[in-house]
Amino acid sequence: MAAGGRILALTHAHLRTVVRAGISTGELDRIAEEFIRSHDGATPAFKGLYGFPGAICISVNDEIVHGIPSPKRVLAEGDIVKLDVGVQYQGLFTDAAITVPVGTIDATTQRLIDVTERALDAGIAQAMPGNYVGDIGHAVQTVVERAGFSVVRELVGHGVGHLPHEDPQVPNHGKPRRGTRLQTGLTIAIEPMVNVGGPVTRTLSDKWTVVTLDGTRSAHVEHTVAVTDDGPKVLTRL
Ligand code: MG
């Protein structure tokens with residue numbers, strides 16, 4: 001998983017350099033797939049997963065997750081784009097997401113991204129043997145709500161490894177010392193989805209794209225993390 005996670009991290013680093021106003025999400029998807037497959041044996045894990053048509057999920061502005069890449073969807077200055085990538089490598093899965101600004105973004109949107117990244121770090125810090133899933137959710141929720149933003153409830157993090165999605169669920173809200181106990185060797189995807197406005201979502205008629213009900217912007221960042229005796233080990237960061 002660490003080797004696959006490194007390929008995923010390199011994919012994200014590459015995509016950061018190609019995001020710009022005027023590029024389509026379909027082109028970003030093509031670049032991502034080509035980059036992943038340039039590593040021997042690595043494949044984009046989301047392609048065809050539950051019937052998803054893209055290689056990666058690309059969601060813009062008020063789209064939270066599961067956006068379908070399209071040559072018709074062209075990024076504009078001031079947008080934010082979420083790149084959610086799964087990699088399958090040597091039979092194991094890793095999962096990570098970044099939120100990338102397109103050119104210059106407004107101050108609230110920058111703060112949204114900063115808070116979401118801080119919330120992820122706070123959640124990762126709780127991924128210790130003996131802690132609980134609720135400790136992660138509580139840490140994420142606390143950072144987000146202190147900043148005046150809201151966490152999405154309908155979508156959650158998850159176990160990952162032999163399959164793209166495994167138990168346990170890892171919500172981005174919760175109470176300390178509640179839920180599944182974390183044990184050494186567990187690998188989980190922690191993925192706060194944070195909205196400027198309210199937490200409620202709806203799904204577009206394409207049956208995939210999840211957006212904020214109130215139309216405000218959303219940020220999403222994610223890492224695959226191993227729970228180890230030495231503490232949390234992030235597998236999808238360079
Ligand atoms: Mg993901």
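So, here is what we can say about the structure in this document. (Residues numbered from 1 in each chain as written. Predicted model: local features only at pLDDT ≥ 70, side-chain atom pairs only at ≥ 80, totals over all residues. Heavy atoms only, no water.)

This paragraph deals with the pattern of salt bridges. Enumeration over the complete set of coordinates arrives at 9 salt bridges. The salt bridge partner of R73 is E63, with a shortest N-O separation of 2.5 Å. Taken together, the positions of R73 in the loop between strand 3 (63–65) and strand 4 (80–89) and E63 in strand 3 put the pair 10 residues apart, joining distant regions of the chain. Note on R73: relative accessible area 32%, which makes it partly exposed. Residue class for E63 comes out buried when judged on its relative accessible area of 10%. A salt bridge links R237 to D121, with the nearest nitrogen and oxygen atoms 3.6 Å apart. Residue R237 is located in the segment after strand 15 (231–234), and its partner D121 is located in helix 3 (residues 107–125); the two are separated by 116 residues in the primary sequence. Among the residues examined, D121 registers a relative accessible area of 40% and is labelled partly exposed. Via salt bridges that share partners, E27, R30 and E34 belong to a single interconnected network. (Salt bridge = Lys/Arg side-chain N within 4 Å of Asp/Glu carboxyl O. Helix = DSSP H or I, 4+ residues; strand = E, 2+ residues; numbered from the N terminus. Buried < 20%, exposed > 50% of the residue type's maximum accessible area, 1.4 Å probe, protein only.)

Before going further, it helps to spend a moment on the sheet that holds strand 8 (residues 166–170). The 5 strands are arranged 8-7-9-14-15 in an open sheet whose pairing can be described as antiparallel. Looking at the sheet topology across the chains shown, the edges are occupied by strand 8 and strand 15. Looking at each pair of strands side by side, their axes are set apart by 30 degrees on average, direction ignored. Examined bridge by bridge, strand 9 (residues 187–190) and strand 14 (residues 223–228) share 4 bridges and lie antiparallel to one another. Note that in strand 14 the partner of I188 across the bridge is V225. Relative to strand 8, helix 4 (residues 133–146) is tilted by about 40 degrees, and along the sheet it contacts strand 8 and strand 9. (Pairing = 2+ DSSP bridges. Axes fitted to C-alpha atoms, helices over the stretch in contact; angles between N-to-C directions. Contact = heavy atoms within 4.5 Å.)

Every protein donor of the magnesium ion is listed here as D84 (OD), D95 (OD) and E222 (OE), and their distances to the metal cover 2.0 to 2.1 Å. Donor residues for the magnesium ion sit on one chain with the sequence pattern D-x10-D-x126-E. In this pair, D84 sits in strand 4 while D95 sits in strand 5 (residues 92–101), placing the two residues 11 residues apart along the sequence. (Donors = N, O, S within 2.8 Å, 3.2 Å for Na, K, Ca; no water.)

A separate point is the nonpolar core. Counting residues in hydrophobic clusters, the biggest one holds 25 residues, and the most contacted among them are L15, V19, L28, I56, L75, V81 and L83. Listing elements by their share of this core, those giving two or more residues are helix 1 (2–18), helix 2 (25–37), strand 2 (57–60), strand 4 and strand 5. It is strand 4 that provides the largest number of residues to this core, a total of 5 residues. Among residues more than four places away in sequence, those in contact with V19 are L28, L75, V81, L83, V100, P101 and V102. (Core = buried A, V, L, I, M, F, W, Y, C linked by side-chain atoms within 4.5 Å.)

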